[in-house]
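# Observations on chain architecture
Take a look at the letters that make up each chain.
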Amino acid sequence: MVASQSNLVHRAPRPILGRVDEWGKVLLPLCITAADGFELEIEALINLQFAGALFLPDNLLTTVGWRCLGARRVLNGDHIAVVSQYMGLACLVGMTPNSTIVLGGSQDAVIGQKLLTGHKLSIDFSNGQVILEPSAVA
């Protein structure tokens, strides 16, 4: 019984490591789960003007078999766009996948403010490192 209890030791969440690409885009790894259970890791651009969680390309979402819930108008930065809504499992790499409503229609995978809530984002442009870690609880 003691050996099995060692598996229950609480470990602090590990920081998620990303990168700054050659065009200056800040990227983090994202994991999406296809309808058949296959996990796909992609890089997503961080856009702090986007208040939602995730924006992914429609062709990617239909390819992995996510269910389309319909369309809606959303404010994206400084303009209004009509986008599709999908439901599926997604998370930042190293975190537990959650059922997530994702907006479709973007050319790039985009992470917004909602997915970053509760985390500290550090960007070191000199060496191209991005670190996302849980915020310290006071």
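The preceding data block contains the structure.
Please read all numbers here as calculations on a predicted model, not as lab measurements.

## Focus on the pairing of strand 3 (residues 39-46)
Both strand 2 (residues 26-33) and strand 3 contribute to a ladder of 7 bridges, which runs antiparallel. Within strand 3, the residue paired with I32 across the bridge is L40. The hairpin turn running from strand 2 into strand 3, its antiparallel successor, is 5 residues long, and G37 in that turn takes a positive phi close to 95°. Direction of pairing for strand 3 relative to strand 8 (residues 110-111): parallel, over a ladder of 2 bridges. Across the sheet, the residue bridging to L45 is V110, located in strand 8.

## Things to note about the environment of P13
Here P13 lies in the loop between helix 1 (2-6) and strand 1 (16-20). Taking C-alpha positions, P13 is 7.3 Å from P134, a pair spaced 121 residues apart along the chain.

## A short note on the environment of H119
Inspection of the secondary structure assignment puts H119 in strand 9 (residues 119-124). For the pair H119 and A136, spaced 17 residues apart in sequence, the C-alpha separation works out to 8.4 Å. Look past the residues within four positions of H119 in its chain and what remains in contact with it is M95, L132, E133, P134 and S135. A polar atom in the side chain of H119 sits 3.2 Å from the backbone oxygen of T117.

## Description of a nonpolar patch on the surface
A cluster of nonpolar side chains, namely L69, M87 and I101, defines an oily patch on the protein surface of about 240 Å² accessible area. Its relative accessible area of 38% is what places L69 among the partly exposed residues.

## Some details on the pairing of strand 7 (residues 98-104)
Sheet topology note: the strand 4 (residues 54-56)/strand 7 ladder contains 2 bridges and is parallel. The residue bridging F55 from the neighbouring strand is L103, located in strand 7. Sheet topology places strand 6 (residues 79-92) next to strand 7; 7 bridges connect them, and they run antiparallel. Bridge pairing links Y86 to V102 in strand 7. Here strand 6 folds back onto strand 7 in antiparallel fashion, the turn holding 5 residues, of which G94 has a positive phi close to 95°.

What counts and what doesn't
Residues numbered from 1 in each chain as written. Predicted model: local features only at pLDDT ≥ 70, side-chain atom pairs only at ≥ 80, totals over all residues. Heavy atoms only, no water. Pairing = 2+ DSSP bridges. Helix = DSSP H or I, 4+ residues; strand = E, 2+ residues; numbered from the N terminus. Contact = heavy atoms within 4.5 Å. Polar contact = N/O pair within 3.5 Å; in protein donor to acceptor, adjacent residues only side chain to side chain. Patch = residues over 30% accessible without salt bridge, like charges linked within 9 Å, V, L, I, M, F, W, Y side chains within 5 Å. Areas by Shrake-Rupley, 256 points an atom, 1.4 Å probe, with all protein chains shown as cover. Salt bridge = Lys/Arg side-chain N within 4 Å of Asp/Glu carboxyl O. Buried < 20%, exposed > 50% of the residue type's maximum accessible area, 1.4 Å probe, protein only.

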